[in-house]
Amino acid sequence: MSNVETLLAAARTRAPGEPYAGAVTPQEAWELLQSEARVRLVDVRTDAERAWVGKVAIAAQQHCAVQWSVWPEGVPNPDFVQQLQAVAQKDEVLLFLCRSGVRSRHAARVATENGYAHAFDILEGFEGDKDADGHRKSVGGWCKAGLPWMGA
């Protein structure tokens, strides 16, 4: 079994009862992206979050952004599925990322409902949960794991 197959098999055991394929840790997401060119990270944060907070630093062909909700209103993106269809193929492994791991679960569910059989949630998100002082990037997440990112 290849490293990719091993990681995806482990991911499939997480998120039991959820309709999507499974869940990966930020480190596993990074390993998948490094191991297989057809794995894509779908950042579902708002454009403002990516611009003001930061974004993952990965190969452009493996990264796409489709807002789950629209800033500044914070309302659901009515075009989410159509925008996803414009940037991702249904047979690709898609890793959904948000700030802390909530919107990404919803995005993975909706992607699955629309024919994306390999939709995975990235646990902990980009920034992770808040610490005791109310700050992010220190309790879990892509940034805390020391994975490549750029921005604020």
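Look up a bit, the structure's there.
This is a predicted model, so every value here is computed, not measured.

With respect to topology, five strands assemble into an open sheet ordered S1-S8-S7-S2-S4, the strand pairing being parallel. At either end of the open sheet lies a strand with only one pairing partner, and these are strand S1 (22-24) and strand S4 (63-65). Strand-to-strand twist across the sheet, computed as the mean angle between neighbouring axes with direction ignored, equals 30°. Relative to S4, strand S2 (residues 39-43) runs parallel, the two being bridged by three bridges. Note on S4: the bridge partner recorded for leucine 41 is histidine 63. Lying over the sheet, helix H4 (residues 80-87) contacts S2, S4 and strand S7 (93-97), oriented at roughly 130° with respect to S7.

So, on to the nonpolar core. Counting residues in each nonpolar core, the largest one holds 24 residues, and the members touching the most others are Leu32, Leu41, Leu95 and Trp142. Sorting the residues of this core by element identifies helix H1 (3-12), helix H2 (26-35), S2, S7 and strand S8 (119-122) as the ones contributing at least two each. Excluding its chain neighbours within four sequence positions, the residues that come into contact with tryptophan 142 are Pro26, Ala29, Trp30, Leu33, Leu41, Val56, Ile58, Gly125, Phe126, Leu147, Pro148 and Trp149. Ranked by size, the runner-up nonpolar core spans 19 residues in total, among them Val42, Trp68, Val81 and Phe96.

Conventions used here
- Residues numbered from 1 in each chain as written.
- Predicted model: local features only at pLDDT ≥ 70, side-chain atom pairs only at ≥ 80, totals over all residues.
- Heavy atoms only, no water.
- Pairing = 2+ DSSP bridges.
- Helix = DSSP H or I, 4+ residues; strand = E, 2+ residues; numbered from the N terminus.
- Axes fitted to C-alpha atoms, helices over the stretch in contact; angles between N-to-C directions.
- Contact = heavy atoms within 4.5 Å.
- Core = buried A, V, L, I, M, F, W, Y, C linked by side-chain atoms within 4.5 Å.
- Buried < 20%, exposed > 50% of the residue type's maximum accessible area, 1.4 Å probe, protein only.

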